[in-house]
Amino acid sequence: AQSVTQLDSQVPVFEEAPVELRCNYSSSVSVYLFWYVQYPNQGLQLLLKYLSGSTLVKGINGFEAEFNKSQTSFHLRKPSVHISDTAEYFCAVSARYSGAGSYQLTFGKGTKLSVIP
Amino acid sequence: DTGVSQDPRHKITKRGQNVTFRCDPISEHNRLYWYRQTLGQGPEFLTYFQNEAQLEKSRLLSDRFSAERPKGSFSTLEIQRTEQGDSAMYLCASSLRGSGSTDTQYFGPGTRLTVL
């Protein structure tokens, strides 16, 4: 089984400042990693994903994340945030094998990013 | 827009009533998932279909819950004898089976259920 811990439930940051949203995971098998964003009263939109290859992954809206296997982390970063980035961000994992239980995503509890003008 | 759609977006019901939600996946996607999201939590997996076959069910899916995907297209999620604890956002996602062992899930806007 997998679990995901998002270390900060809320992160306030001033507009144009950098931000890092932290994500750690636990799994007995190798995993794929995802970040989703959820705007109020909406579904989830995929920001980026790590499947294999380069550990630095670039996504939409200027976000990037780095997979660190030794620290079991997948932190999300953006060098300069905008008001429109105010939303809730979810880190998720799925197991890296085919078969029962591998297709479901396991999510963290989310981090609410508030961008202050 | 050809994304995942869900209907209704909001549902208010009284305890003990039955409710049914519908999800229309992206047209060529053969995999469909249901998740439940309660306040302050991330989504939790409920069930998964590949085409019309329901391949996995979470322990969260009690006997009062049933999901179908006839003909491998749209899916319905029914909750019988609703309880206040069923109040949540119900999210549907779909994906296209790729050559690897995982594929990207695309989510719909969700159905928010309130049980009074």
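One can find the structure itself at the top, above this paragraph.
What counts and what doesn't
Residues numbered from 1 in each chain as written. Chains lettered and ligands numbered in written order. Predicted model: local features only at pLDDT ≥ 70, side-chain atom pairs only at ≥ 80, totals over all residues. Heavy atoms only, no water. Pairing = 2+ DSSP bridges. Helix = DSSP H or I, 4+ residues; strand = E, 2+ residues; numbered from the N terminus. Axes fitted to C-alpha atoms, helices over the stretch in contact; angles between N-to-C directions. Contact = heavy atoms within 4.5 Å. Buried area = accessible area lost by both parts, 1.4 Å probe. Salt bridge = Lys/Arg side-chain N within 4 Å of Asp/Glu carboxyl O. Polar contact = N/O pair within 3.5 Å; in protein donor to acceptor, adjacent residues only side chain to side chain. Buried < 20%, exposed > 50% of the residue type's maximum accessible area, 1.4 Å probe, protein only. Core = buried A, V, L, I, M, F, W, Y, C linked by side-chain atoms within 4.5 Å.

Undergrad: Report on the sheet that holds strand β7 (residues 65-68) of chain B, specifying residues and quantitative values.
TA: Residues and elements named next belong to chain B. Strand order in the open sheet formed by four strands is β1-β3-β8-β7, with antiparallel pairing between adjacent strands. Each end of this open sheet is capped by a strand with a single partner; those strands are β1 (5-7) and β7. Neighbour to neighbour, the strand axes of the sheet diverge by 15° on average, direction disregarded. Examined bridge by bridge, β1 and strand β3 (residues 19-24) share three bridges and lie antiparallel to one another. Looking at the pairing, Asp7 lines up with Arg22 of β3.

Undergrad: Could you give an account of the interface of chain A and chain B, naming the residues involved and the relevant values?
TA: The partner chain B presents 21 residues to the 26 residues of chain A that form the contact. With both chains or domains summed, chain A and chain B bury close to 1900 Å², and 51% of this area falls on carbon and sulfur atoms. Contact with chain B buries surface across chain A, with Asn41, Leu44 and Tyr103 of chain A losing the most and accounting together for 30% of the total. At the junction of chain A and chain B, the tally comes to zero salt bridges. Taken together, chain A and chain B are joined by five residue pairs in polar contact (both at pLDDT 80 or more).

Undergrad: If you had to explain the pairing of strand β8 (residues 64-68) of chain A to someone new, which residues and values would you point to?
TA: Residue and element names in this part refer to chain A. Burial along β8 is one-sided: Ala65 and Phe67 are buried, while Glu64, Glu66 and Asn68, pointing the other way, are not. The antiparallel pairing of strand β7 (residues 56-58) with β8 creates a hairpin that spans five residues between the two strands, and Asn61 there sits at a positive phi of about 60°. Where β8 lies against strand β9 (residues 73-78), five bridges are found, and the strand directions are antiparallel. Among the inter-strand pairings, Glu66 is bridged to a residue of β9, identified as His75. Hairpin connection, β8 to β9: the antiparallel pair is bridged by four residues, and Thr72 has positive phi, about 45°.

Undergrad: For the environment of Phe14 of chain A, give the residues involved together with the corresponding values.
TA: Residues and elements named next belong to chain A. Structurally, Phe14 can be placed in strand β2 (residues 10-14). Sequence separation of Phe14 and Ala87 is 73 residues, and the distance between their C-alpha atoms is 14 Å. Not counting the four nearest positions on each side in its chain, Phe14 is found in contact with Val81, Val115, Ile116 and Pro117.

Undergrad: Break down the nonpolar core for me, citing the residues and quoting the values.
TA: Among the nonpolar cores identified, the biggest contains 27 residues, and Leu33, Trp35, Leu47, Leu48, Phe74, Leu76 and Tyr89 of chain A are the most heavily contacted of them. Elements with a minimum of two residues in this core: β2, β3 (19-21), β5 (31-38), β6 (44-50), β8, β9, β10 (87-95) and β12 (111-116) of chain A. With near-sequence residues (within four places) excluded, Leu48 of chain A lies in contact with Leu33, Phe34, Trp35, Val57, Lys58, Gly59, Phe63, Glu64, Ala65, Phe74 and Leu76 of chain A. Judged by nonpolar contacts, the second largest core, of 19 residues, contains Ile26, Phe65, Leu77 and Tyr90 of chain B.

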